[in-house]
Structure formats: C-alpha cells, structure tokens
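Per-entry structural report
Letter by letter, the chains look like this.
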Amino acid sequence: MRQVIWLAALTPIVALLYGATTAQPATAAAPGAPSGWSTVFSDDFNGSAGSAPSSANWKFDTGPGSSFGTGEIETMTDSTANTHLDGNGNLDITALGSGSSWTSGRIQTPTANVGAPAGGRLEVAASIQQPSPASGLGYWPAFWMLGPGQWPENGEIDIMEDVNALSDVAGTIHCGTSPGGPCNEGTGISSGLRACPGCQSGFHTYSMILDRTDTSAETITFYLDGSAYYTVTEAQVGTATWQAAFDHNQSIILDLAMGGAFPNAACGCTSPSTATSSGGTLSVDYVAAYTTTGGSTGSTAQALPGTWPQCAAENGTCAVNGTSAVAFGANGRFNYTTATGSTPCTTGTFGDPVSGVVKSCYAEAAPPAADIWSPCAGENTTCSFSGVMTVAYGAAGAYRYATLPAGTPCTNTVFGDPIPGTAKSCYVVAPPPTFATWTNCAAEGGTCTFSGTHEVAYGAGGQYFYGTFTGGTPCTNAVFGDPAPGTAKTCYYQ
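Residues numbered from 1 in each chain as written. Predicted model: local features only at pLDDT ≥ 70, side-chain atom pairs only at ≥ 80, totals over all residues. Heavy atoms only, no water.

1. Some remarks on the overall build of the chain
In terms of helices and strands, the chain carries six helices and 34 strands. For the chain, the proportion of its 494 residues judged to be buried stands at 54%. Considering only contacts within the chain whose residues lie at least 6 apart along the sequence, 69% involve residues at least 24 apart. Counting every atom, the chain has about 17800 Å² of accessible surface; 52% of that belongs to carbon and sulfur. (Helix = DSSP H or I, 4+ residues; strand = E, 2+ residues; numbered from the N terminus. Buried < 20%, exposed > 50% of the residue type's maximum accessible area, 1.4 Å probe, protein only. Contact = heavy atoms within 4.5 Å. Areas by Shrake-Rupley, 256 points an atom, 1.4 Å probe, with all protein chains shown as cover.)

Structure representation (structure tokens):
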C-alpha cells in the first residue's frame, strides 16, 4: 500500500463471496495460538486512556505523507491526539483536519519481527473497526507489512485497506521492480476492493497466511473473519522475485492516511474535499502473529491417505518390506518420507507436523483400493495436479513414493526404478468418489459427526486432505490444512 502509486483505475467493487460478515465485540486479549502454532508477536493495546502504545512494540513513523510516495497529504505525528489507547483495550488512530491540512498517525514494529520459516507458515491478524466519518472522502486506513531494504524488491503485504469510507477491504502484495515488473508496480497484485459489510460498525478480523510448507510453491492468502477471499502464488511472480520479497521477516504497520493515489483512483477525484469530516478513527483491538515450524520432509499440508497400516508409535522403528512410503503424524497432519527396510519414527527424521501431540508412523507398500488412489500418468509422461501430493510410481506391488508439488514427470529419473523391465504408472491420492461410497457429513466450519472410526476427506474440486477420526471432527483448515485455498470446502466420511 504505502510505498505504491496506484496508476490504473481500480477493479469495480464486487460483493464478498463468503456472505455477510458478523460484527465482533472487542475482546480483552488476542487469541492464543492454535494447536501446532506458536505466538511470535501480540499486542492487546491495554493501558490507560490517552496514553501512547507500547514503545517496546511500536515506533512512530512521523513526517509529511508526501514523503511516502503514495500521494497522501496528511502529516503523521507522534501526538496522542492522533494515536492513543482508549483505556478499554483498543488503539485509536484519528485523522484531524480539514481541506488540505490534516494530521494522523502511523505506527510500525521497531524491527522486521515476523516471518514464515522455510517449511512453515506465518499468520498475521488484527481485529479492527474501520473509520466511519460522516463524510469519508480521502480516508485511507491500512493494516500491512513491509520488508526491510529496497521497495518493492523486499516485499510488502497489505492485509487490510479501505478508501473513502466505502466499508470495503482489499488484500494486495508488492514485489519485484517499479514501475511494472512481475507485480505490476506501482499497483501490485490485488484482490481489488471487495464489500465488507459491517466493517465500520463493529470489529472484524483481517488476516493473511504466508504458507511456505512447500518452499517451491509458496502462497499468500487473505482472510476476512476467517474466510479466505484471495490467494497469490509464487508461480505468479517467479521464484527469485518471491524469495527476495517474502522469504524473510517483515515489520507490521498500522496507519490512517488522508488522500493519495488509491482513494483518488476510487473516486475519480482529488481527495479529501472541503466536506470531508474530521475525527474519523481506526480502532484496533489486537494485533497478533503466529507461526508453525518447518518440517524436514514432506509437507505439513498433506494429510494421510486412507488404509495405511500403522507400523510404529512415536520414537519406535517402522520396519517395512522393500521400499515404502512412510507417513508420520496424527489428527490429519502428516509428514512423509520414503524408506527402505526401516526408519526411526521420530521428529528428528520427519520434522514435527503437529506439535504437542503423540504421533505414529504408517506405511503403504502399494497403492490401495481405487477409491483412495487414482492413476495420473503412464511411465515417461507427466502426472499433473495442483498443490502438494504424495505420488506412487511403480507396478505389480512394487512402488516408490515422493511428496511433490504441482505435478511431476512419471519417470525412473524422479523416483528410481522400483521394478526393472516392467511398464509403470503414477498414482495420486484421489478425491472422494461418488456418494455411494463417501457420505457428505459437513460443510466447511461445521462438524462432521459419526459413530466409530472413519476416514474423513476435506476439500473441493478434486483437492482433498484426509485423516482418520473417531466420533467426528471439526471440518476446518485448522484440522486438515487447506487443500483448496479460496474455495468453500466440504467433509465426507467413508
């Protein structure tokens, strides 16, 4: 956002695809880290009314907005008239002025303090109530992240932006070179403004997840109140550009600008106007960042296909006949390797796909029934798929395995030769077959309930993650990972 000049007319405003959002009360504390995640930064903005935010967590960026390269016209100050705690656990950033004379506030973490580790994920989230001035032309609130060093090469992620008090939201990344380049600077790669019902009348959660579980196919996904609405992939900009922009820490920024290229482009005018209301406030209940640790093998986003027999408990030894795929984990979260003879069933070997939970190893020497594995290619052709999948290569009960991103050549060069002199094929984990064998048990966000122990598939559009559960399971990304970002998913059990 802040380093960018919007040069083109914006995409027309579109309705958010995930339905009406729901206002949330301001809470006393940022949520704790989900299972398998760790909190790496958090601020609840507790303190006396009128005081400045914690100097340990934030520094003020002061000076004329014209120096930021975005065309905004306010002066950023460190005055508590513009930026202060409200005494009820919120941070308020207030724009004051009229015409072309305005003051406001911009705060930034003192260092680039949050990033996704290789093989892991970073989530950065804030609960925010957008400004609601009587006349909001020129208002430009933002919650965003900025990489240290050269812009846009070292990256920017805009998690929440609205302009002109439209009650919208946009998620955007910036990278590469300016003007132009792979990120289309100075516009960036953006969702465009999307309707954000109720976002000026209540607190809503704005977040992004930088997913590096597959370091050759990384993604950034933007969420509103937990619903994904836009994803950008590494493939869209190229590996070198992506790594320079996002494979390192960034700082977190909150600010309320006035005027500039973005609000001007949205209104087709020069903003703010003489009618723009003073005193509009960006209120922030909390900011938090969470990470998962990277695994040394496989992908924490690839769950266990069904019918794999358990071969060892955690810290035991998984013995296999010949060469087999081995999965290590629990609760629908697994890392993979390929073993010959035996392998230690330890986090030292596999990484930790689900921390704080007792795990087990499972082995599969050949693709099981056709309702779990699906042929994807003959030998010396390409097995095509999206995301990260475990692929089996072989024939006649002799198979080798690899966990690979975005398709793979089905060749001895990639897998080795599990059965010389025999024509081989590649297989991937198949989506749930017809309703005759899989039962739809819950929509995303619901609970899939059943008696006994069942294999559960979660996903949509041919992309599914699997786990085995007893009595039921929440049908959520938190349990399974996200096999189809930006798509409404469903749970099925067999």
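2. Examining the sheet that holds strand S3 (residues 63–64)
Spatially, four strands are ordered S3-S4-S8-S7 in an open sheet, and the strand pairing comes out mixed. Two strands close off the open sheet at either side, each with one partner strand: S3 and strand S7 (96–98). Relative to strand S8 (residues 101–104), S7 is paired through three bridges, and the arrangement is antiparallel. Looking at the pairing, glycine 97 lines up with tryptophan 102 of S8. (Pairing = 2+ DSSP bridges.)

3. Comments concerning the side chain of threonine 291
With respect to the secondary-structure elements, threonine 291 resides in strand S20 (residues 281–291). What makes threonine 291 buried here is its relative accessible area of 12%. Contacts of threonine 291, omitting those with residues within four sequence positions, involve Gly36, Trp37, Ser38, Val40, Gly115, Pro117, Arg121 and Leu122.

4. Concerning the state of the cysteines
Evaluation of the coordinates by the stated rule reveals nine disulfides. Note that cysteine 410 is cross-linked by a disulfide to cysteine 426, the S-S spacing being 2.3 Å. Looking down the S-S bond of the cysteine 410 and cysteine 426 bridge, the torsion is 110°, so its handedness is right-handed. Pair noted here: cysteine 410 is in the loop between strand S29 (408–409) and helix H5 (412–415) and cysteine 426 is in strand S30 (residues 425–429), with a separation of 16 residues, a long-range link. Accessibility assignment for this pair places cysteine 410 and cysteine 426 in one class, buried. (Disulfide = S-S within 2.5 Å.)

5. Concerning the pattern of salt bridges
This structure, assessed with the given rule, holds six salt bridges. Close ionic contact of arginine 212 with glutamate 218 constitutes a salt bridge, the shortest N to O distance being 2.9 Å. When sorted by exposure, arginine 212 lands in the same class as glutamate 218, which is buried. Between glutamate 444 and lysine 489 there is a salt bridge, and its shortest N-O distance comes to 3.8 Å. A residue pair is termed long-range when its members are at least 10 positions apart, and glutamate 444 in the loop between strand S31 (439–443) and strand S32 (447–460) and lysine 489 in the loop between helix H6 (477–480) and strand S34 (490–493) qualify at 45 residues. By relative accessible area, glutamate 444 is classed as partly exposed at 34%. Linked through salt bridges whose partners overlap, the residues forming this network are Arg212, Glu218 and Asp247. (Salt bridge = Lys/Arg side-chain N within 4 Å of Asp/Glu carboxyl O.)

6. Here's the deal with the nonpolar core
Most often, soluble globular proteins have nonpolar side chains that are buried together. Of all hydrophobic cores here, the largest spans 49 residues; its most connected members are Val124, Phe143, Tyr206, Met208, Leu254 and Val287. Not counting chain neighbours up to four residues away, the residues in contact with valine 124 comprise Val114, Phe143, Met145, Ile159, Tyr206, Ser207, Met208, Ile252, Ala288 and Ala289. In terms of nonpolar packing, the next biggest core, distinct from the first, is built from twelve residues, Cys441, Ala442, Val456 and Phe469 among them. (Core = buried A, V, L, I, M, F, W, Y, C linked by side-chain atoms within 4.5 Å.)

7. Concerning unusual backbone geometry
In the segment running from tryptophan 151 into proline 152, the intervening peptide bond is cis, with an omega of 0°. A cis amide bond links glutamate 185 with the next residue in sequence, glycine 186, at an omega value of 0°. Although it is not a glycine, phenylalanine 45 adopts a positive phi angle of roughly 60°. Tracing the chain through its elements places phenylalanine 45 in the loop between strand S1 (38–43) and strand S2 (59–60). For phenylalanine 45, a relative accessible area of 1% translates into the label buried. Even without being a glycine, asparagine 164 presents a positive backbone phi close to 60°. Note that asparagine 164 resides in the loop between strand S12 (156–161) and strand S13 (168–174).

8. Here we look at helix H2 (residues 239–246)
At 3.6 residues per turn, the α-helix brings residues three or four places apart onto the same side. Every buried residue of H2 is accounted for by Thr241, Trp242, Ala245 and Phe246. Buried residues in H2, looked at end-on, bunch into an arc of 95°, giving them a common side. In this structure, the buried residues of H2 make contact with S12, S13, strand S16 (204–211), strand S17 (219–224), strand S18 (227–233) and helix H1 (234–237). (Arc of directions from axis to C-beta.)

9. Side note on the confidence of the model for the chain
In regions of low pLDDT, the predicted coordinates are not meant to be interpreted in detail. Looking at the chain as a whole, the pLDDT averages 83, with 83% of positions reaching at least 70. Segment residues 1–22 is flagged for pLDDT under 50; beyond a separation of four residues in sequence, or across chains, it makes 81 contacts in the model. Scored below 50 in pLDDT, residues 295–303 shows 44 contacts in the model against residues more than four places distant or in partner chains. (pLDDT = per-residue confidence, 0-100.)

10. Here we look at the packing of aromatic side chains
Within the structure shown, the criterion is met by eight aromatic pairs. Seen from their ring centres, phenylalanine 222 and tyrosine 229 are 6.4 Å apart, and the 40° between their planes marks the pair as tilted. For phenylalanine 222, a relative accessible area of 0% corresponds to the buried category. Residue class for tyrosine 229 comes out buried when judged on its relative accessible area of 6%. On the numbers, 4.9 Å between centres and 65° between planes, the contact of tryptophan 242 with phenylalanine 246 is edge-to-face. Highlighted residues: tryptophan 242 and phenylalanine 246, both in helix H2, separated by four residues, approximately one helical turn. Assessed through its relative accessible area of 1%, phenylalanine 246 is described here as buried. Members of the aromatic cluster, joined through ring pairs, are Phe41, Phe45 and Trp58. A cation over a ring is seen here: arginine 106 above phenylalanine 68, with NZ or CZ 3.9 Å from the ring centre. (Phe/Tyr/Trp six-rings, centres within 6.5 Å; stacked < 30°, edge-to-face > 60°. Lys NZ or Arg CZ within 6 Å of the ring centre and 35° of its normal.)

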